[in-house]
Amino acid sequence: RSGMTVGGKTTLFLLLAGLAFTTGLLFYSFGADAWQLWNIPAMSPSFADTRSILAGVEAKRLGYDPLYENPLDPFGRVMAYPRLWLFLDVFNLNQNDTVFVVTFELILFFTGVFIFLDRFDVRSAFFIALFVASPAAMLCFERANNDLVAFFILACALALVPFSAIFSLLLIELAAFLKLYPVVALGALIREPKKSLVPHLIGGVAIFALYVF
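Criteria and thresholds
Residues numbered from 1 in each chain as written. Predicted model: local features only at pLDDT ≥ 70, side-chain atom pairs only at ≥ 80, totals over all residues. Heavy atoms only, no water. Helix = DSSP H or I, 4+ residues; strand = E, 2+ residues; numbered from the N terminus. Buried < 20%, exposed > 50% of the residue type's maximum accessible area, 1.4 Å probe, protein only. Contact = heavy atoms within 4.5 Å. Areas by Shrake-Rupley, 256 points an atom, 1.4 Å probe, with all protein chains shown as cover. Lys, Arg positive; Asp, Glu negative; His and termini not counted. Charge placed at Lys NZ, Arg CZ, Asp CG, Glu CD. Phe/Tyr/Trp six-rings, centres within 6.5 Å; stacked < 30°, edge-to-face > 60°. Salt bridge = Lys/Arg side-chain N within 4 Å of Asp/Glu carboxyl O. Expected span 1.5 Å × (residues − 1). Disulfide = S-S within 2.5 Å. Axes fitted to C-alpha atoms, helices over the stretch in contact; angles between N-to-C directions. Parallel < 35°, antiparallel > 145°, perpendicular 65-115°, else oblique. Left-handed = near helix turned anticlockwise from the far one by under 90°. Nonpolar A, V, L, I, M, F, W, Y, C, P; charged D, E, K, R; others polar. pLDDT = per-residue confidence, 0-100.

## A look at the overall build of the protein
No. 1: From N to C terminus, the protein includes eight helices and zero strands.
No. 2: Secondary structure elements of the protein, listed N to C terminal, follow the sequence α-α-α-α-α-α-α-α.
No. 3: In terms of its C-alpha atoms, the protein occupies a principal-axis envelope of roughly 50 × 45 × 30 Å.
No. 4: Going through the 213 residues of the protein one by one, you find that 41% of them count as buried.
No. 5: Sequence-distant contacts in the protein: of pairs separated by 6 or more residues, those separated by 24 or more amount to 68%.
No. 6: Accessible surface, the protein: about 12000 Å² in total, of which carbon and sulfur atoms supply 71%.
No. 7: Measuring between centres, the 14 positive side-chain charges of the protein sit 11 Å from its 15 negative side-chain charges.

Here's what the structure looks like:
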């Protein structure tokens, strides 16, 4: 099983590196029109979802509440993400940092792929690479949606379930605070012994419900 894991992860790494190189060539040759290969309507300026958050951070500095009024968003949108993202203000970020932030998000996402996946063979590596290159994933990349960050946090949380249920629970809550839907990952705690499963699930749901309230 160990050899299978090493071979599968090595193959997946090479496939993803090849995918990144090929995709880079496509965008170098065709620019934003390359998104049409996945039937994705490109938005300009690029990385619209991350840009919405950074515009919200800028608007907050000017005294606006970007969840209600986000005048700096290039598409005229309010910031449709939980308020916790506004804490990025401590890093003094703005829309000029969009490419830097997106690069960091992509690194987290692809790191999460290898954290989340444990044992898989070479054949599985090809299917995983296809999923990463699917239109749904490519849309996430084009928009630079914060799903990229949520996926990384959940990957870490699920990998830690056998070792520290409490730490895993806290990571799931963090992902849920940032994106809401990751709260369903609390179901992964079902692996826990019954005496700790119930208090962990009740505590996790209660924390999330209080946050939503």
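Let us keep going from here.
## A closer look at the packing of aromatic side chains
No. 1: With the rule as written, the count across this model stands at seven aromatic pairs.
No. 2: For the ring pair Phe-109 and Phe-110, a centre distance of 5.1 Å and an interplane angle of 85° mean the geometry is edge-to-face.
No. 3: On the basis of relative accessibility, which here comes to 12%, the residue Phe-109 falls in the buried class.
No. 4: Feature note: the residues Phe-109, Phe-110, Phe-141 and Phe-151 constitute an aromatic cluster, connected by ring pairs.

## Topic: the pattern of salt bridges
No. 1: Enumeration according to the criterion identifies seven salt bridges in this entry.
No. 2: Among the salt bridges present, the one from Arg-61 reaches Asp-89, with a minimum N-O distance of 2.5 Å. Of the two residues, Arg-61 is situated in helix α2 (residues 48–61) and Asp-89 in the loop between α2 and α3 (98–116); the sequence distance between them amounts to 28 residues.
No. 3: You can call Arg-61 partly exposed: its relative accessible area is 34%.
No. 4: It is possible to trace a salt-bridge network through shared partners that takes in Asp-49, Asp-73 and Arg-77.

## Some thoughts on α2
No. 1: The end-to-end C-alpha distance of α2 is 20 Å, a good match for the 20 Å that 14 residues give at a rise of 1.5 Å each.
No. 2: Within α2, 11 of the 14 residues are buried, which leaves it mostly tucked inside the rest of the structure.
No. 3: Taken as a whole, α2 has its buried residues at Ala-48, Asp-49, Thr-50, Arg-51, Ser-52, Ile-53, Leu-54, Ala-55, Gly-56, Val-57 and Ala-59.
No. 4: Where α2 is buried, its residues contact α3 and α5 (135–143).
No. 5: Where α2 terminates, the next one or two residues include Gly-63, which has phi positive at roughly 100°.

## Notes on the state of the cysteines
No. 1: Scanning the entire structure with this criterion turns up zero disulfides.
No. 2: No disulfide involves Cys-140; its sulfur sits 16 Å from that of Cys-156, the nearest cysteine.
No. 3: Given a relative accessible area of 14%, Cys-140 falls into the buried group.

## Considerations on the packing of α2 against α3
Two numbers describe a pair of packed helices, the interaxial angle and the distance between the axes.
No. 1: At their nearest, the axes of α2 and α3 sit 10 Å apart, and the two run at 125° to each other. Taken together, the axes of α2 and α3 are oblique relative to one another. Crossing of α2 over α3 shows right-handed handedness. Packed against α2, whose contacting residues are Thr-50, Arg-51 and Leu-54, the element α3 presents Thr-98, Val-101, Val-102 and Glu-105 at the interface.
No. 2: Within the contact of α2 with α3, the residues separate by chemical class into three nonpolar, two polar and two charged.

## Focus on the side chain of Thr-50
No. 1: Residue position: Thr-50 is located in helix α2.
No. 2: Here Thr-50 falls in the buried class, since its relative accessible area comes to 3%.
No. 3: Residue contacts for Thr-50: discarding those within four places in its chain leaves Thr-98, Val-101, Val-102, Glu-105, Arg-143 and Ala-144.

## Comments concerning the confidence of the model for the protein
No. 1: Taken over all residues, the pLDDT of the protein has a mean of 89, while the share at 70 or more is 97%.
No. 2: Across the protein, the element-wise mean pLDDT spans from 82 in helix α1 (residues 2–30) up to 95 in α2.

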